[in-house]
Amino acid sequence: MAGVECKSNDYGAAAYWDARYSSSGSHASAAAAGEFFDWYQTYPALRPLLRVRVPAASRVLMLGCGNSLLSEDMTKDGYEDIVNIDISSVVIEQMREKHKEIPQLTYMQMDVRDMSFFGDELFDCVLDKGTLDAMMCADDAPDGASKMLAEVARLLRPNGIYLLITYGAPKERVPLLNQTGCSWSITLYIMPTPGYQLKMSKGTQPTMEEVALTEDGQLPTDYVLKDPESHFIYVCHKLAVKEVHCRDIDPEETANAN
């Protein structure tokens, strides 16, 4: 899934992912061989942001967990409750077996477009490392992606965080995030890919840059990406009902009414 290009595969289909995680010799079957694979960024690279934005006592939902090390690394760093879901029953069984001695980790087979198993407002944080990108390459895109985001908003507690790591630039992702029924305060960070950082940094710590979005939720016109394949990290803070109502009020109308 390099960049935002979509191949002919249906990335929203369980059959596609089951086949990948069952195939011998590919990184996608790594968990079955006692190995793992992380899309986009690893926990050490994301740790500075996660530790600030997501307290260790948070109840976390990991979307499209695959055979990533992210959840395991988070528990090693003190996180107490991470529910991992994936559409592939194959990888869920692999990861459940690998982590059966880690009580902080729960694994469930589930389609992110329908998470009705969970009640409303159960999670403090929803983590998404490439799952929205996959949904935008599914046969039912963008409708399936919109369903997923509506479910994310439903599951988050007021003031909860949806932390999205994606190849999608603001012009592609902000309109999707701001669909009807979703109310967010969005902070954007941009992070070069690990390959670019390895080539340019010569062993220094990964760089993550906060970039102020324009009023209409876009990158500043003079902003230039250091790495054209950079990852965009959206920290979406779910607005409480009172905050949403306050934002809907026109200050000029209020002044005139007085």
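Structure first, text after, so check above.
Definitions and limits used
Residues numbered from 1 in each chain as written. Predicted model: local features only at pLDDT ≥ 70, side-chain atom pairs only at ≥ 80, totals over all residues. Heavy atoms only, no water. Helix = DSSP H or I, 4+ residues; strand = E, 2+ residues; numbered from the N terminus. Buried < 20%, exposed > 50% of the residue type's maximum accessible area, 1.4 Å probe, protein only. Contact = heavy atoms within 4.5 Å. Areas by Shrake-Rupley, 256 points an atom, 1.4 Å probe, with all protein chains shown as cover. Pairing = 2+ DSSP bridges. Right-handed = clockwise from strand over helix to strand, strands pointing away. Axes fitted to C-alpha atoms, helices over the stretch in contact; angles between N-to-C directions. 1 Å grid on protein atoms, 1.4 Å probe; cavity = no way out; pocket = protein on both sides within 12 Å on 5 of 7 lines; lining within 4 Å. Points joined across faces, edges and corners; volume = space filled by probe spheres on them. Nonpolar A, V, L, I, M, F, W, Y, C, P; charged D, E, K, R; others polar. Phe/Tyr/Trp six-rings, centres within 6.5 Å; stacked < 30°, edge-to-face > 60°. Core = buried A, V, L, I, M, F, W, Y, C linked by side-chain atoms within 4.5 Å. Parallel < 35°, antiparallel > 145°, perpendicular 65-115°, else oblique.

Student: I tried to follow the overall build of the protein chain on my own but got confused; where do I start?
Tutor: Summing up its helical and strand segments, the protein chain has 10 helices and 8 strands in all. Within the protein chain, the proportion of its 258 residues that are buried is 48%. A fraction of 73% describes how many contacts in the protein chain between residues 6 or more apart in sequence connect residues 24 or more apart. Of the roughly 12800 Å² of accessible surface on the protein chain, a fraction of 52% belongs to carbon and sulfur atoms.

Student: Please clarify how the side chain of Thr 131 should be interpreted in this entry.
Tutor: Topologically, Thr 131 is positioned in helix 5 (residues 131-135). A relative accessible area of 9% means that Thr 131 is categorised as buried. Not counting the four nearest positions on each side in its chain, Thr 131 is found in contact with Leu 63, Gly 64, Val 112 and Met 148.

Student: Would you mind showing me how to read the pairing of strand 3 (residues 105-109) here?
Tutor: Every regular strand shows the same layout, with side chains that alternate between the two sheet faces. For strand 2 (residues 81-86) and strand 3, the ladder comprises 5 bridges, and the chain directions are parallel. Looking at the pairing, Asp 86 lines up with Gln 109 of strand 3. Handedness of the crossover is the feature at issue here: the chain leaves strand 2, passes through helix 4 (residues 89-98), returns alongside strand 3, and the resulting connection is right-handed.

Student: Before we go on, may I ask you to explain the sheet that holds strand 8 (residues 231-238) in this structure?
Tutor: The strands that make up a sheet pair up through hydrogen bonds in the backbone, lying either parallel or antiparallel. On the basis of which strands lie adjacent, the open sheet formed by 8 strands has the order 3-2-1-4-5-8-6-7 and mixed pairing. Edge positions in the sheet fall to strand 3 and strand 7 (209-211), since each of these pairs with one other strand and no more. With direction set aside, neighbouring strand axes in the sheet form an average angle of 20 degrees. Each of strand 2 and strand 3 touches helix 4; the most contacted strand, strand 3, lies at about 160 degrees to it.

Student: Help me out: how do you make sense of empty space enclosed by the protein in this one?
Tutor: The probe, sized like a water molecule, is rolled over the atoms to show the empty space still left. As enumerated under the stated definition, the model contains 2 cavities of 30 Å³ or more in all. Size it by volume and the largest cavity reaches roughly 360 Å³. Lining the largest cavity are 28 residues, and of these Leu 63, Gly 64, Cys 65, Asp 86 and Thr 131 sit closest to its centre. Looking at the lining of the largest cavity element by element, the count peaks at 3 residues for helix 5. Residues of the lining of the largest cavity, tallied by class, amount to 16 nonpolar, 8 polar and 4 charged.

Student: How should the packing of aromatic side chains be read in this particular structure?
Tutor: Each pair of aromatic rings is reported with the distance of its centres and the angle of its planes. One pass over the full model with this rule turns up 9 aromatic pairs. Both rings, one in Tyr 16 and one in Trp 17, keep their centres 5.0 Å apart while their planes meet at 80 degrees; by these two values the pair is edge-to-face. With relative accessibility at 16%, the residue Tyr 16 sits in the buried group. Geometrically, the ring pair formed by Phe 118 and Phe 123 is edge-to-face, given 5.2 Å between the ring centres and 90 degrees between the ring planes. Both residues of the pair, Phe 118 and Phe 123, belong to the buried class. Joined through ring pairs, the aromatic side chains of Tyr 11, Tyr 16, Trp 17 and Tyr 21 make up one cluster.

Student: Any chance you could explain the nonpolar core here in plain terms?
Tutor: Buried together is how nonpolar side chains tend to be arranged in soluble globular proteins. Core analysis: the largest hydrophobic core is formed by 38 residues, its most contacted members being Leu 50, Met 74, Leu 127, Leu 163 and Ile 233. When residues in this core are grouped by element, the largest group, 5 residues, is from helix 2 (residues 43-53). Counting residues in each nonpolar core, the second largest holds 35 residues, with Met 115, Leu 156, Trp 184 and Phe 232 among its members.

Student: Which parts of the structure should I look at to understand the packing of helix 1 (residues 14-22) against helix 4?
Tutor: Two measures define how a pair of helices packs: the angle their axes make with one another and the distance between the axes. Their axes nearest at 7 Å, the elements helix 1 and helix 4 cross at an angle of 45 degrees. Overall, the two elements helix 1 and helix 4 adopt an arrangement that is oblique. Between helix 1 and helix 4, the contacting residues are Asp 18, Tyr 21 and Ser 22 on the first element and Ser 89, Val 90, Val 91 and Gln 94 on the second. In the contact of helix 1 with helix 4, the residues fall into 3 nonpolar, 3 polar and 1 charged.

Student: How do you make sense of the pairing of strand 6 (residues 184-191) when you look at a structure like this?
Tutor: The element strand 6 is largely enclosed, with a buried count of 6 among its 8 residues. Where strand 6 meets strand 8, 8 bridges bridge the pair, whose relative direction is antiparallel. Paired with Leu 188 across the two strands is Tyr 234, which belongs to strand 8. In terms of strand pairing, strand 6 meets strand 7 through 3 bridges, oriented antiparallel.

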